[in-house]
Amino acid sequence: MTRVRVRKAIIPAAGLGTRFLPATKAIPKEMLPIVDVPTLQLIVEEAVAAGIEQIIIVNGRGKGTIEDHFDVSFELERTLRDRGKKELLAVVERISQMVRIVSVRQKEPLGLGHAVLVAREAAGDEPVAVLLGDDLYDCDGRRPAIGQLIDEYERLGQKGVVSLMEVPVGQEQLYGIVSGKVLADAPRTMHIDDMVEKPAPGTAPSRFAIVGRYVLPAEIWDILARTKPGKGGEIQLTDALKELAQKGGGCYGLTVDGTRHDAGDKLGYLGANLAWALKRDDLRPGLLALMRRLVQEHN
Ligand code: G1P
């Protein structure tokens, strides 16, 4: 197979978002904002900053707002122009010009592996990046998280790469967990020899969890197509990656240089909002004063 650079990214966005009900009753959880930017836009911006040229969003039912968000908004843009709101107009126009976005539909919630497989035709059997909307990385001043994985994929000779994080004891059952050997010449990189999706308490092979970013070689497509339902009766990306690691071209884990926020969890989501707000000159002083007041009130 000819070698193709990673040009396309898949963003699965078909989940029901039950953890954020009732906010997510009519709004996809991917559209919940971090300050004033939808989480999905942050993820798209990460991919674009890493050099991705096309985004494939895997939608579920009722996700029209996602398509609308990345489309031209003729009326809104005209109104902003008529009212002389140049800065806001630039913000809105930039979104639809950012990158080429296509969406495909996952008709049934059959798992993350299935969601990725649904994007196969749009990906044209190329290697792909996968970014999960629940995991936000703050890599200010450094290469974006998915860019760090793409660099490692190239450096290792186009092998699968997943992002890893050591999680606290007792949290292993929330994640795909890997085991393997850290490379002597690259302490952030692990050669993976086993993987298990959400291991039962006390059975995890390590505390290294997969956290929301993947670079998959083209070989993954045929593996995914034959991956049988696993944990929870769903087709698991972790199971396909295990086959890649053990019987295919190999798979590595990279501890990303940056801070990860779990925006799929209520506290993690609030933390991401605070972290992003504190980076902004227009919000930092006011937010710090507000937090001091709240801390005093609640002590
Ligand atoms: C998915 C994956 C899991 C991974 C996690 C966090 O699980 O299946 O392997 O560790 O994302 O990125 P989910 O949280 O969607 O249930």
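Refer to the structure printed above.
Within any chain, residue numbers begin from 1 and follow the written order of that chain's sequence. Two thresholds apply to this predicted model, a pLDDT of at least 70 for residue-level local features and 80 or more for giving and counting side-chain atom pairs, whereas whole-chain, interface and lining totals are computed over all residues. As a rule here, side-chain values come from all non-hydrogen atoms in the structure, and water together with hydrogens is ignored.

On to the overall build of the chain, then. What counts as a helix is a DSSP run of H or I of at least four residues, what counts as a strand is a run of E of at least two, and both are numbered from the N terminus. Looking only at helices and strands, one finds eleven helices and 13 strands in the chain. At 20 Å, the chain has a C-alpha radius of gyration in line with the 19 Å of a compact globule built from 299 residues. Overall, the C-alpha framework of the chain stretches about 60 × 50 × 40 Å when taken along its three principal axes. Under the scheme applied here, a residue whose accessible area is under 20% of the maximum for its type counts as buried, over 50% as exposed, and between as partly exposed, the area being computed with a 1.4 Å probe on protein chains only. The burial tally for the chain puts 46% of its 299 residues in the buried class. Across the chain, the fraction of contacts at a sequence separation of at least 24, relative to all contacts at a separation of at least 6, is 76%. The globule rule is 2.2 Å times the number of residues to the power 0.38, and the radius of gyration it is compared with is taken over C-alpha atoms. For this analysis, residues touch if any pair of their heavy atoms sits within 4.5 Å.

Moving on, we get to the packing of aromatic side chains. Stacked, edge-to-face and tilted are the three classes for Phe, Tyr and Trp ring pairs, Trp counted by its six-membered ring, which pair at centre distances within 6.5 Å; planes under 30 degrees apart are stacked, over 60 edge-to-face, the rest tilted. Under the counting rule described, the total for this entry stands at one aromatic pair. Here the aromatic rings of F20 and Y269 are separated by 5.4 Å at their centres, their planes lie at 70°, and the arrangement is edge-to-face. You can see F20 sitting in the loop between strand 1 (8-13) and strand 2 (33-34) and its partner Y269 sitting in helix 10 (residues 266-278), a full 249 residues away along the chain. With a relative accessible area of 14%, Y269 lands in the buried category. Two limits define a charge over a ring: the Lys NZ or Arg CZ must be within 6 Å of the ring centre, and within 35 degrees of the ring normal. Against the face of F20 rests K266, its NZ or CZ located 6.0 Å from the ring centre. Positioned over the ring face of W276 is K279, at 4.4 Å from the centre of the ring.

We now examine the packing of helix 10 against helix 11 (residues 284-298). For helices, the fitted line uses only the C-alpha atoms of the stretch in contact; every axis is such a line through C-alpha atoms, and the angle between N-to-C directions lies from 0 to 180 degrees. Between helix 10 and helix 11, whose axes approach to 8 Å, the crossing angle comes to 135°. Our classification of the angle between helix 10 and helix 11 gives oblique. Contacts from L274, A277 and L278 of helix 10 reach helix 11 at R284, L287, L288 and M291. Side-chain classes follow a simple rule in which Ala, Val, Leu, Ile, Met, Phe, Trp, Tyr, Cys and Pro form the nonpolar group, Asp, Glu, Lys and Arg form the charged group, and the remainder, Gly included, forms the polar group. Broken down by class, the residue content of the contact of helix 10 with helix 11 amounts to six nonpolar, no polar and one charged. Orientation is classified from the angle alone, with under 35 degrees giving roughly parallel, over 145 giving roughly antiparallel, 65 to 115 giving roughly perpendicular, and any other angle giving oblique.

Taken together, the neighbourhood of the ligand is formed by 13 residues, with G176, E197, K198, I210 and G212 sitting nearest. In protein, a polar contact requires one atom able to donate a hydrogen and another able to accept it; more generally it is a pair of N or O atoms within 3.5 Å, and residues adjacent in sequence count only if both atoms are side-chain atoms. Side-chain polar atom of E197 to an oxygen atom of the ligand: 2.7 Å apart, as the coordinates give it. At a separation of 3.3 Å, an oxygen atom of the ligand approaches a polar side-chain atom of T238. Where accessible areas are quoted, they stem from the Shrake-Rupley method and a 1.4 Å probe; at the residue level, only the protein chains shown are allowed to cover. For the ligand, the accessible surface in isolation is 380 Å², of which the surrounding protein chains cover 76%. By residue number, the principal contributor to the shell around the ligand is strand 11 (residues 208-216), which donates four residues. Its residues placed into classes, the shell around the ligand shows six nonpolar, four polar and three charged. Definition of nearness: a residue and a molecule or strand are near each other if at least one heavy atom of the residue lies within 4 Å of the molecule or strand.

Moving on, we get to the pairing of strand 9 (residues 176-183). Looking at chain direction, strand 9 and strand 10 (residues 186-197) are connected through eight bridges and run antiparallel. Residue K181 lies in a different strand from strand 10, and its bridge partner there is H191. The pairing of strand 9 with strand 11 spans two bridges and is antiparallel. Bridge assignment links I177 to a residue of strand 11, and that residue is A209. DSSP-based pairing: two strands are paired if at least 2 bridges between them are found.

So, on to helix 9 (residues 237-247). Of the positions making up helix 9, those classed as buried are L237, T238, A240, L241, L244 and A245. Considered in projection along helix 9, the buried side chains sweep an arc of 160° and stay on one side of the axis. Arc definition: it is the arc formed by the directions from the helix axis to the C-beta atoms.

Only buried Ala, Val, Leu, Ile, Met, Phe, Trp, Tyr and Cys residues count toward a nonpolar core, and they belong to the same one when joined by side-chain atoms within 4.5 Å. Counting 49 residues, the largest nonpolar core has V44, I52, I55, F70, L131, L136 and I146 as its most contacted members. Residues contacting I55, with those up to four places away along its chain left out, are A9, I11, V44, A47, V99, R100, I101 and V102. Residues I210, L216, I220 and C251 belong to the second largest nonpolar core, which totals 30 residues.

Function cannot be read off these values alone, since they describe shape.
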